[in-house]
Amino acid sequence: MKSNSIVRSIAFFLLSEFYELKYFMIYRLQSAIWLAYAGFTSLYGLITLTVIYSVSSGITGWNYFQILALSATATIVLGVLYTVMNPWQMVESMRTGGMDTRLIRPYGVMTLLLSSYGEVTSVGSIVSGAVIFVYAMLHQSVTAVSFIAYMLMTAAGTVALTLFALMLTLLSYHLFKSANFINRVLGILGTAGSYPLSIFGSAMLMVFTVVLPIGIASYYPPEVLFGKISMVPYLGVMALIIAIALVGYKGTEALIRHYASGGG
Amino acid sequence: MQLFDRPNPYLAMFSVALKNSMAYRADFLMTLASRFVQAGLMVFIWTAIYHFTNTNSILGITLSTIYVYFFLVYAFRSVINMEVPSVVQQDILEGSIAATYTRPIRYPLQVFVNASAGDFISILVAMLPLLVIAFVLYGAPLSVPTIMLMLAELAIGYALVSLIGFMIGMLAVKITYVYGIIEATWSVMLLLGGGILPLSFFPSAVFNILMLTPFPIMLYMPAMTFLGTASVGEIMGSIAVSLAWLAVFFLASLVAWSRVRKSITSAGG
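Residues numbered from 1 in each chain as written. Chains lettered and ligands numbered in written order. Predicted model: local features only at pLDDT ≥ 70, side-chain atom pairs only at ≥ 80, totals over all residues.

Enquirer: Lay out the overall build of chain A with the relevant residues and their values.
Expert: The secondary structure content of chain A amounts to 13 helices and 0 strands. By the compact-globule yardstick of 18 Å for 264 residues, chain A fits well, its C-alpha radius of gyration being 19 Å. Seen along its three principal axes, the alpha-carbon backbone of chain A occupies a region of about 55 × 45 × 40 Å. Every one of the 264 residues in chain A was classed for burial, and the buried ones make up 44%. (Helix = DSSP H or I, 4+ residues; strand = E, 2+ residues; numbered from the N terminus. Rg over C-alpha atoms; globule rule 2.2 N^0.38 Å. Buried ≥ 20, exposed ≤ 12 C-beta atoms within 10 Å, placed from the backbone.)

Enquirer: Can you explain the overall build of chain B? Please cite residues and give values.
Expert: Assigned secondary structure in chain B consists of 12 helices and 2 strands. In chain B, the succession of α and β elements from N to C terminus is α-α-α-β-β-α-α-α-α-α-α-α-α-α. Here chain B has a C-alpha radius of gyration of 20 Å; the compact-globule value for 269 residues is 18 Å, and the two agree. If one aligns the C-alpha atoms of chain B with their principal axes, the spans along those axes are about 65 × 35 × 35 Å.

Enquirer: Got a sec to walk through the packing of helix 2 (residues 9–22) of chain B against helix 7 (residues 107–138) of chain B? Specific residues and values, please.
Expert: Residue and element names in this part refer to chain B. Closest axis-to-axis distance for the helix 2/helix 7 pair is 8 Å, and the angle between their directions is 40°. With respect to each other, helix 2 and helix 7 are oriented oblique. Of the two possible hands of crossing, helix 2 and helix 7 adopt the one that is right-handed. In this structure, helix 2 uses Tyr10, Met13, Phe14, Ala17, Leu18, Ser21 and Met22 to contact helix 7, whose residues at the interface are Leu109, Gln110, Val113, Asn114, Ser116, Ala117, Gly118, Phe120 and Ile121. (Axes fitted to C-alpha atoms, helices over the stretch in contact; angles between N-to-C directions. Parallel < 35°, antiparallel > 145°, perpendicular 65-115°, else oblique. Left-handed = near helix turned anticlockwise from the far one by under 90°. Contact = placed C-beta atoms within 7 Å.)

Enquirer: Hey, could you go over the interface of chain B and chain A for me, with residue numbers and the actual values?
Expert: One frequent convention defines the size of an interface as the accessible area lost when the parts assemble. Listed as interface residues are 28 residues of chain B and, on the opposing side, 32 residues of chain A. Secondary structure elements with two or more residues in the side of chain B that touches chain A: helix 3 (25–53) and helix 9 (179–192) of chain B. Looking at the side of chain B that touches chain A element by element, the count peaks at 13 residues for helix 3 of chain B. Of the residues that constitute the side of chain B that touches chain A, the class distribution is 20 nonpolar, 6 polar and 2 charged. (Nonpolar A, V, L, I, M, F, W, Y, C, P; charged D, E, K, R; others polar.)

Enquirer: Could you give an account of unusual backbone geometry, naming the residues involved and the relevant values?
Expert: Unusually for a residue other than glycine, lysine 177 of chain A sits at a positive phi of about 55°. Relative to the elements of secondary structure, lysine 177 of chain A occurs in the loop between helix 8 (144–176) and helix 9 (180–193). You will see that asparagine 54 of chain B, though not glycine, has its phi angle at about 55°, which is positive. On the secondary structure map, asparagine 54 of chain B appears in the loop between helix 3 and strand 1 (57–58). Using a count of 8 C-beta atoms within 10 Å as the deciding quantity, one classes asparagine 54 of chain B as exposed.

Enquirer: Break down the environment of lysine 19 of chain B for me, with residues and values.
Expert: In this fold, lysine 19 of chain B is placed in helix 2. In this structure, the C-alpha to C-alpha distance between lysine 19 of chain B and alanine 117 of chain B, residues 98 residues apart in sequence, is 8.6 Å.

Enquirer: Describe helix 9 of chain A, naming the residues involved and giving the relevant values.
Expert: In a regular helix each residue adds 1.5 Å, so 14 residues correspond to 20 Å; helix 9 of chain A covers 19 Å between its end C-alpha atoms and thus fits that length. Extensive coverage of helix 9 of chain A is indicated by the burial of 10 of its 14 residues. Within the span of helix 9 of chain A, buried status applies to Asn180, Phe181, Ile182, Asn183, Val185, Leu186, Ile188, Leu189, Ala192 and Gly193 of chain A. The inward-facing, buried residues of helix 9 of chain A abut helix 3 (64–84), helix 4 (87–96), helix 8, helix 10 (201–211) and helix 11 (215–218) of chain A together with helix 3 of chain B. (Expected span 1.5 Å × (residues − 1).)

Enquirer: Quick rundown of the nonpolar core? Include the residues and the values.
Expert: Residues Phe71, Leu72 and Ala223 of chain B are the most contacted members of the largest nonpolar core, which totals 159 residues. For phenylalanine 71 of chain B, the contacting residues outside a window of four places in its chain are Ala39, Leu130, Ile133, Ala134 and Leu137 of chain B. (Core = buried A, V, L, I, M, F, W, Y, C linked by C-beta atoms within 7 Å.)

Enquirer: Describe in detail the environment of threonine 100 of chain B, supporting the description with residues and values.
Expert: Residue and element names in this part refer to chain B. Along the chain, the position of threonine 100 falls in helix 6 (residues 96–100). Look at threonine 100 and you get partly exposed, because 15 C-beta atoms sit within 10 Å. Placed 88 residues apart in sequence, threonine 100 and valine 188 show a C-alpha to C-alpha distance of 32 Å. If near-sequence neighbours (up to four positions away) are discounted, threonine 100 is found in contact with Tyr107 and Gln110.

Enquirer: So what about helix 5 (residues 83–94) of chain B? Which residues, and what values?
Expert: Residues and elements named next belong to chain B. Compared with an ideal rise of 1.5 Å per residue, which puts 12 residues at 16 Å, helix 5 spans 16 Å between its outermost C-alpha atoms and is within 8% of the ideal. Buried residues of helix 5: Glu83, Val84, Pro85, Ser86, Val87, Val88, Gln89, Asp91 and Ile92, and no others. Elements in contact with the buried residues of helix 5: helix 6, helix 7, helix 8 (144–175) and helix 9. Once helix 5 ends, the next one or two residues include glycine 95, with phi positive near 85°.

Enquirer: Any details on the packing of helix 2 (residues 28–55) of chain A against helix 3 of chain A? Residues and values, ideally.
Expert: Residue and element names in this part refer to chain A. Where helix 2 meets helix 3, the axes come as close as 10 Å, and the angle between the chain directions of the two elements is 155°. On the basis of their axis angle, the class for helix 2 and helix 3 is roughly antiparallel. The handedness of the crossing between helix 2 and helix 3 comes out as right-handed. Packed against helix 2, whose contacting residues are Thr41, Ser42, Gly45, Leu46, Leu49 and Tyr53, the element helix 3 presents Tyr64, Ile67, Leu68, Ser71, Ala72 and Thr75 at the interface. Its residues assigned to classes, the contact of helix 2 with helix 3 comprises 7 nonpolar, 5 polar and no charged.

In structure tokens form, the structure reads like this:
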């Protein structure tokens, strides 16, 4: 019965994403511009890092292609996050009462939240981030084990970060009745996540690992990929990822229980 | 006497828009906090870059200069917001654009007045504190001509951004949704205006081309004027190029409005 429920939830999620895509494609010119823009955001990082490495020696311990892979990882991670959950849309929906009708559907709260407020355009970021990642990796040699460990940690970190961001979005609504807080937080994570967190000092490294945990999805995985982390710290980060995912999940459940519609 | 009986409609509109914007005071404070943190992150990033390169100067820009530069450009971001097209977009989606035809005011001016109220608050709350930080970090008094030149550049930059925004807004009449174009334009202005890194770090050929575009006056040139790293000739050249762009965009906006106003349809209410 439990597995049936999971399959049903996944089917609902995929169907919702499909209809979201169809709706998005109604305005074709607008869709093309959005996708181009999303792709451009990756190019943005590429241009910045290329200029930085052309005028300087770059950042300690990271060559140009490694940092390009790190930046691309951050783009992909945030692209996935926005694809399943756009905080602005979600808070607007709560402010106008639009969420109320969604919450009465016969699915779990988490399924409903993650399938209702995705931003299809972010697929452009995922694709362009992946292209840059592949380009960077063509200039680096890594072992298959490192790559698998990287993929596992990135996937797990992305899930945990998404759940955490979902909790922060609900918190943003509860505290400010506005998405500005979570949007600003994600903006900061986007900047910080595009660089090795070690350059921000140990205090900030801790902040971006535990408090605003972009590091679990965009910093530690590339460290694993390029052999900068051994097995024991790897397992420690994976344990932290599970803990953050649980905090995000339970926090979201607790906050949605106290949800009060903003209108209708 | 009539002057007092009938208040200027644009001033009245500005006053109302100002009150509306004040309802979002917390948002402006969050914008300030976010820009402060982001400028701080850039300080960390560039400190790491300078230290690893083992130098105190990259292409003539010292580490302490780059600190001030980032606080300045994050302050100046208040100038390059995309409020104008957002106002037009909203008017078209809500159908309120139709009501403007019944008022004794010109719609383009109404848009600029509405947008400028939000910009005014943004400049007060989110820009001035960062400017003060930049000034403290800079640690030297600014001459009056420098301040005047910087303000002139910012004013031209603001006018350029507003006209670009208005033309994007006019597109909304034809294609309804322009949020994608707004975001894309903002990103381009940020990158090519020097919001991510000083334009002088680009290869010289790229830099020379960029200086002929309308973007450097938005962030890079005012920052360089503040820092005293741009010569008077460079500043005047940049202002001349930007004024030429301003004239082009102004004419293009007039043409766009005269064509589009006849085909406006109200989308809702």
